[in-house]
There are 2 protein chains.
Amino acid sequence: MNTEKPREVVIIGGVAGGMSAATRLRRLDEDAKITILEKGQHVSFANCGLPYYAGGVIEERDSLLLQTPESLKSRFNLDVLVNHEAVAIDRQAQSVLAQTPEGTKTFHYDQLILAPGARPFVPPMPGIERALTLRNVSDVDAMVEAIETKPETAAILGGGFIGLELAENLHARGIDVTIVEAAPHILAPLDEEMAAIVENHLIDQGVKIITNDQAVEVSETDVVLKSGRQVPAQLVVAAVGVRPESGIAQQAGIETDQRGGIIVDAQQRTSDPNIFAVGDAVVKRDRIDGSPVHIPLANSANRDGRTVADIIVGLDSPFEGAERRETAGVLGTAVVGVMGLTVAATGWNERKARAAGKEVAVIHTHPFNHATYYPGAEKLALKLVYDPQSLKILGAQAIGGSGADKRIDVIATAIAGGLTAPDLAGIDLAYAPQFGSAKDPVTMLGFVADNIATGLTKSVDVKDLPECMDSGQAVLDVRTEAEFRRGNIPGAINIPLDDLRGRIDEVRQLAEGKEVIVHCAVGVRGHTAVQILQANGIDAANLDGGYTSWSALQRKRERES
Amino acid sequence: MNTEKPREVVIIGGVAGGMSAATRLRRLDEDAKITILEKGQHVSFANCGLPYYAGGVIEERDSLLLQTPESLKSRFNLDVLVNHEAVAIDRQAQSVLAQTPEGTKTFHYDQLILAPGARPFVPPMPGIERALTLRNVSDVDAMVEAIETKPETAAILGGGFIGLELAENLHARGIDVTIVEAAPHILAPLDEEMAAIVENHLIDQGVKIITNDQAVEVSETDVVLKSGRQVPAQLVVAAVGVRPESGIAQQAGIETDQRGGIIVDAQQRTSDPNIFAVGDAVVKRDRIDGSPVHIPLANSANRDGRTVADIIVGLDSPFEGAERRETAGVLGTAVVGVMGLTVAATGWNERKARAAGKEVAVIHTHPFNHATYYPGAEKLALKLVYDPQSLKILGAQAIGGSGADKRIDVIATAIAGGLTAPDLAGIDLAYAPQFGSAKDPVTMLGFVADNIATGLTKSVDVKDLPECMDSGQAVLDVRTEAEFRRGNIPGAINIPLDDLRGRIDEVRQLAEGKEVIVHCAVGVRGHTAVQILQANGIDAANLDGGYTSWSALQRKRERES
């Protein structure tokens, strides 16, 4: 047994990062006095499950409560104090003042871990008091109570992950749901043309979506938008984003950034060497370029909690050695299931890469998630974003049914391993007809990147198509006549791929010496067509993502015009 | 247009690797004369779908026929000649002699691509002529015909991927199926204790499994085994493995290895510089150590086919540049779905690593595939194999429901990216309660590897447990009393984890100064228990995979004894 005075560690916040730090610390130090101050009624609850309890998918409220102070005491000898709100930190005295059910109390610490999380941002406007938010168990209790009054309409302010999860769950309760998103599209981790696919799907399922508009007033029965539009909303939910819960840290003079994120070094240490911070309240490091980012996600919160425990006891890990810590960071890999679609993303999207002034190459594909000859194959939409010079992968987006999350996890791992975009073709991925294709969708992304990198093909972005057509470039649709008849790009000429060799002269006339834009349904036949044209001396480029990408975006544009 | 004489390329074999080479070559060279000689009736058929057509999961035979000679002519201008069996190569004259429906014909080549595949090995024994095999569409036609005679019993010789797929599909047809495997366990890519989980599952589903035994005679109604046992078998299928179809290459003096695999360099070139080879007939390069391996899998066949086309036209790709080609290789990542279980593996298993004389560390876990508070969570069994010194990942195995293939693809990608075992904890994987856990099963493998690498914990393999107990080590079961009552390791003492701190003295007595072996259901509580014991000066190690791993292997052992 250790004969020194046991270390005293106080942790503010008892979910995810805070609790990971606490349990890891106990495993590393049996003697430490570990006290967790949680201002809410519950610790270690399943925050990511809250929308599904609201929707009735998770039936038992108790399923959300993963641990109790009692279970954490008996298993980990932790002093978990709920309804204890830390209100001040005395850095000189190394103590935290907390408001408790029995008045204020002071807790001494040798090390303090801040894991206060982030709170939903509620945009100020008249009537907003009526809006619900969703952060903890009390919030979801209030929401379930509101649902039990049988509202017929709901407005969700914000089309992010939580907004979409709530949309699904409120819709499942029979409520007429409208999502109001101030940005040009829902789901900020995606680019516009990818988000369009999700928006189209939600609308088909009966959810209303309003983009490029925002609430300015909440009345008794409606939400009034900036445009003047009124959205019927017996229920209003604010899900526009979160803000770091860093007030107590700021008051104590701990360094934060402009958005209130607690600044930490690579060891999660704040500007006070005895104070660490983890989770949604801290500024993280972007894995792509090392820049500071706010990415509130459970996986890195848990990992960082573990790191802090290691640092406090002085454990040097080959994995989390100093050097690795300096270079690691977060990709913000995330997934959401919404009305039968799986939507996942990792790393940077094209918008972020362009905003950072980077050269960007993108690839859109629409492969099936597994061999089409096996029953139940579903279409995926994939987007890969990478640097056309270094070929370094910057990020990816996937939308589809089963298997979308797998492809994003594979690409996130490829980024962690420093693989390039063409390297994706060299990974040995598991194949059986129920699970993938002999050329997996990720393999195919690698092949396309290879084709572009070697100059074998050129691609045109669907967003650039109007401009290309305005400048007189011909658009050649190489799908079958039947496919063409079912819908086509206005102005496109149809010559099915299998007839192309025999009708080269028609294309030559059409081209008028300019680059021809070729497209098929998704880009595969288009690639072959481009090769045939180029072999015949006709300059050609393949419409990235084909008619599928074009029509998804077009539908969004028409809806918004 | 190219004014030189177009190159003439002949390809022997029109599935997977051969067809990938053909179509890629056409896209790279519009003028080449490309002839495919296929000895069967079909090209580009879905070999991996054959078992599912036999079982009726794939209902339409036409779904198996992905392309026809006509479709390949109109789209890719390929001359696909079915029922053309190449019978001799004249390397001097650069020509192939083929047996065709109209007699023999000679085909000149500038480059020849061998993609003959591998044929099922049929072990010689009396009566074996009655055994069916499954390689192509004609084979599956014969099998469907046999199934239509309503056999009541079937013996499948061989418990590999195809054997298991057939077992599932024949069982689904109402046939009483017995798998006969000569090795100690089915599924050679897995280690014994992992295969035990699959065996137990198949037996629970009504499939019979005989291991450590092999057929020596096929009678009219039975298969007679070496042990003397008779297996009723109105239907007999030989699925014990495949052999490279390399006779024609050997006759032409092209270098092959002892097992008949065609030896190629990193550019898929055989010992004759004008002859390339791809697919199941070639010797591939092991990605782990560069050694020659026979791994018949579609994904690398397709990739290698593409490579050959690139090499023939002289395309230099940044992805597949010479240096990469030298260093790449195959992991043999594979997956099979069998009676509701997904079984996947990548890289080396423990058996192979030990046989190679390597030091090996392994980790067994049994996590849920997604958050347990979300309905439908299923257990996974994972095994990670790595080098304890370099921490380099050697391979992994996964068994479970949804999400087993994902974890293996992630680990295969990590190997491709050179990540270490503890690095697995640093990958940002997507999390939402339907798809994973905040600490993903792959993340957890990384944490465990980190704990072992830092010396924080020790683990004991279930296979070593009897020896440990014989030498007097105590086994401490830290599960609850209820769990203990439902089944336990004979001789284990039960002290629930939550009571452990209060009963340390009991453990100390029990230990008698020796290392105590601690276990829980899967290893998580065991890890905490080990930390508590060590902090109290009691040497302890955690049983890897816990009671779950132990009982799966035990059940197999009892069945076989």
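If you look chain A up in an unreviewed UniProt entry, it shows as CoA-disulfide reductase from Boudabousia liubingyangii. We quote the UniProt Sequence similarities (unreviewed entry) comment for chain A here in full: "Belongs to the class-III pyridine nucleotide-disulfide oxidoreductase family." Checking UniProt for chain A, the heading Cofactor (unreviewed entry) contains the comment "FAD".

Trainee: Got a minute to help me understand the overall build of chain A in this structure?
Mentor: Assigned secondary structure in chain A consists of 18 helices and 29 strands. For chain A, the C-alpha atoms occupy an extent of roughly 90 × 55 × 45 Å along the three principal directions. Taking all 561 residues of chain A together, 61% fall into the buried category. Residue pairs in contact within chain A that sit at least 24 positions apart in sequence constitute 62% of those at least 6 positions apart. On chain A, roughly 20800 Å² of surface is accessible, and the fraction owed to carbon and sulfur atoms is 48%. Distance from the positive charge centre (54 side chains) to the negative charge centre (75 side chains) of chain A: 2 Å.

Trainee: Would you mind showing me how to read the pattern of salt bridges here?
Mentor: A side chain of one charge can pair with a side chain of the opposite charge if their charged atoms are brought near each other. Counted under the stated rule, the structure contains 78 salt bridges over all chains. In this structure, Arg24(B) engages Asp450(A) in a salt bridge whose closest nitrogen and oxygen atoms are separated by 4.0 Å. In this pair, Arg24(B) sits in helix H1 (residues 17-28) while Asp450(A) sits in helix H12 (residues 441-453), so the two residues belong to two different chains. As far as the burial class goes, Arg24(B) and Asp450(A) line up, both buried. Linked through salt bridges whose partners overlap, the residues forming this network are Asp191(A), Glu193(A), Glu350(A), Arg351(A), Arg354(A), Lys383(A), Asp461(A) and Lys463(A).

Trainee: Honestly, the interface of chain B and chain A in this entry has me stumped. Any pointers?
Mentor: Think of interface size as the accessible area that goes away when the parts come together; that is how it is often given. Each side of the interface is counted separately: chain B has 86 residues, and chain A has 86 residues. Roughly 7800 Å² is buried in total at the junction of chain B and chain A, and carbon and sulfur atoms are behind 57% of that figure. When the area that chain B buries against chain A is broken down by residue, the three leading residues are Arg75(B), Tyr373(B) and Asp428(B), summing to 10%. In this structure, the connection of chain B to chain A is made through 16 salt bridges. We note a salt bridge from Lys406(A) to Asp405(B), for which the minimum N-O separation is 2.6 Å.

Trainee: What is the right way to read the UniProt feature "domain: Rhodanese" (unreviewed entry) in chain A from this model?
Mentor: UniProt marks residues 469-559 of chain A with the feature "domain: Rhodanese" (unreviewed entry), using the numbering shown here. Along residues 469-559 of chain A one finds 49% helix and 14% strand; the C-alpha atoms at either end are 22 Å apart.

Trainee: Which parts of the structure should I look at to understand the relation of the copies chain B and chain A?
Mentor: Each of the two chain copies goes to the other by way of a rotation about an axis and a shift along it. Between chain B and chain A, which share one sequence, the superposing operator has a rotation angle of 180° and an axial displacement of 0.0 Å; the RMSD is 0.0 Å. Overall, the copies show the geometry of a two-fold rotation axis. Among all residues of chain B, the minimum C-alpha distance to the rotation axis is found for Gly417(B), at 2.0 Å. Here 100% of the contact residues of chain B are again contact residues in chain A; the copies associate through an equivalent surface.

Trainee: Explain unusual backbone geometry to me, please; I cannot follow it from the model alone.
Mentor: Most peptide bonds are trans, and most residues other than glycine sit at a negative phi. Unusually for a residue other than glycine, Gln268(A) sits at a positive phi of about 70°. If you trace the backbone, Gln268(A) turns up in the loop between helix H7 (247-251) and strand E17 (275-277). Of note in the backbone geometry, Ser44(B) takes a positive phi value of approximately 45° without being a glycine. Its place among the elements puts Ser44(B) in the loop between strand E2 (33-37) and helix H2 (50-54). Looking at Ser44(B), the relative accessible area reads 12%, which means it is buried.

Trainee: Is there a simple way to explain the packing of aromatic side chains in this structure?
Mentor: Any pair of aromatic rings gets described here by the distance separating the centres and the angle formed by the planes. Taken as a whole and judged by the stated rule, the model has four aromatic pairs over all chains. Both rings, one in Tyr52(A) and one in Tyr374(B), keep their centres 5.1 Å apart while their planes meet at 85°; by these two values the pair is edge-to-face. Here Tyr52(A) is found in helix H2 (residues 50-54), whereas its partner Tyr374(B) is found in the loop between strand E22 (361-365) and strand E23 (381-386) on a different chain. Residue Tyr52(A) is classed as buried on the basis of its relative accessible area, which comes to 0%. For Arg243(A), the ring lying beneath its charged end belongs to Phe121(A), and the centroid distance is 4.2 Å.

Trainee: What is the right way to look at the environment of Val177(B) in this model?
Mentor: Residues and elements named next belong to chain B. Mapping Val177 onto the fold places it in strand E10 (residues 176-180). Val177 sits in the buried class, given a relative accessible area of 0%. Measuring from C-alpha to C-alpha, the distance between Val177 and Ala155 comes to 5.9 Å, with 22 residues separating the pair along the chain. What Val177 contacts, discounting residues up to four positions off in sequence, is Ala154, Ile156, Ala167, Leu170, His171, Val207 and Lys208.

Trainee: Would you mind showing me how to read the nonpolar core here?
Mentor: Most often, soluble globular proteins keep nonpolar side chains buried together rather than apart. Residues Leu170(B), Leu190(B), Val198(B), Leu202(B), Val343(B) and Ile399(B) are the most contacted members of the largest nonpolar core, which totals 54 residues. The dominant element in this core, judged by the number of residues it contributes, is helix H4 (residues 137-148) of chain B, at six residues. Contact partners of Val198(B), with chain neighbours within four places excluded, come to Leu164(B), Ile186(B), Leu187(B), Leu190(B), Val338(B), Leu341(B), Val343(B) and Ile399(B). Ala167(A), Ile175(A), Ile209(A) and Ala345(A) belong to the second-largest nonpolar core, a separate cluster that totals 53 residues.

Trainee: Whenever I open this one, the pairing of strand E29 (residues 540-543) of chain B confuses me. Can you help?
Mentor: Across a regular strand the side chains alternate sides, sitting on one face of the sheet and then on the other. Residue and element names in this part refer to chain B. Direction of pairing for strand E25 (residues 459-460) relative to E29: parallel, over a ladder of two bridges. Bridge pairing in E29 places Val460 opposite Leu543. Bridge count for strand E28 (residues 516-519) against E29 is three bridges, and the pairing is parallel. In the sheet register, Ile517 faces E29, and the bridge partner there is Ala541. With respect to chirality, the unit in which E28 leads through helix H17 (residues 524-535) into the neighbouring parallel E29 is right-handed.

Trainee: Would you take a moment to explain H4(B) for this structure?
Mentor: Working note: α-helix, 3.6 residues per turn, so residues spaced by three or four point in the same direction. Residues and elements named next belong to chain B. Taking 1.5 Å of rise per residue, 12 residues should cover 16 Å, and H4 covers 16 Å from first to last C-alpha, within 8% of that figure. Every buried residue of H4 is accounted for by Val137, Asp139, Val140, Met143, Val144, Ala146 and Ile147. The opening residue of H4, the one whose side-chain oxygen lies 3.2 Å from the backbone nitrogen of Ser138, is Asn136.

Trainee: Please clarify how the sheet that holds strand E10 (residues 176-180) of chain A should be interpreted in this entry.
Mentor: Residues and elements named next belong to chain A. Strand order across the open sheet formed by four strands is E11-E10-E9-E15, with parallel pairing between neighbours. If you trace the sheet from one side to the other, it starts and ends with strand E11 (208-210) and strand E15 (235-238), each paired once. Ignoring strand direction, the axes of neighbouring strands in this sheet form an average angle of 15°. Judged from the five bridges that link them, strand E9 (residues 153-157) and E10 form a sheet pairing that is parallel. Paired with Ala154 across the bridge in E10 is Val177.

Trainee: Can you walk me through helix H16 (residues 504-511) of chain A in this structure?
Mentor: Residue and element names in this part refer to chain A. Along H16, the positions that sit buried rather than exposed are Ile504, Val507 and Ala511. When H16 is viewed along its axis, its buried side chains cluster within an angular range of 60° and face the same direction. Opposite the buried face of H16, by more than 90 degrees, sit the exposed residues Asp505 and Gln509. Buried residues along H16 sit in contact with strand E26 (475-477), helix H15 (497-500), strand E28 (516-519) and helix H17 (524-535).

Trainee: What is the right way to look at the state of the cysteines in this model?
Mentor: In protein structure, a disulfide is the covalent linkage between the sulfur atoms of two cysteines. All names here are of chain B. Enumeration according to the criterion identifies zero disulfides over all chains in this entry. Residue Cys520 stays outside any disulfide, its sulfur separated by 17 Å from that of Cys468, the closest cysteine. Cys520 sits in the buried class, given a relative accessible area of 1%.

Parameters and conventions
- Residues numbered from 1 in each chain as written.
- Chains lettered and ligands numbered in written order.
- Predicted model: local features only at pLDDT ≥ 70, side-chain atom pairs only at ≥ 80, totals over all residues.
- Heavy atoms only, no water.
- UniProt positions renumbered as here; feature names shortened; annotations may be inferred.
- Helix = DSSP H or I, 4+ residues; strand = E, 2+ residues; numbered from the N terminus.
- Buried < 20%, exposed > 50% of the residue type's maximum accessible area, 1.4 Å probe, protein only.
- Contact = heavy atoms within 4.5 Å.
- Areas by Shrake-Rupley, 256 points an atom, 1.4 Å probe, with all protein chains shown as cover.
- Lys, Arg positive; Asp, Glu negative; His and termini not counted.
- Charge placed at Lys NZ, Arg CZ, Asp CG, Glu CD.
- Salt bridge = Lys/Arg side-chain N within 4 Å of Asp/Glu carboxyl O.
- Buried area = accessible area lost by both parts, 1.4 Å probe.
- Least-squares fit on C-alpha atoms with pLDDT ≥ 70 in both.
- Phe/Tyr/Trp six-rings, centres within 6.5 Å; stacked < 30°, edge-to-face > 60°.
- Lys NZ or Arg CZ within 6 Å of the ring centre and 35° of its normal.
- Core = buried A, V, L, I, M, F, W, Y, C linked by side-chain atoms within 4.5 Å.
- Pairing = 2+ DSSP bridges.
- Right-handed = clockwise from strand over helix to strand, strands pointing away.
- Expected span 1.5 Å × (residues − 1).
- Polar contact = N/O pair within 3.5 Å; in protein donor to acceptor, adjacent residues only side chain to side chain.
- Axes fitted to C-alpha atoms, helices over the stretch in contact; angles between N-to-C directions.
- Arc of directions from axis to C-beta.
- Disulfide = S-S within 2.5 Å.

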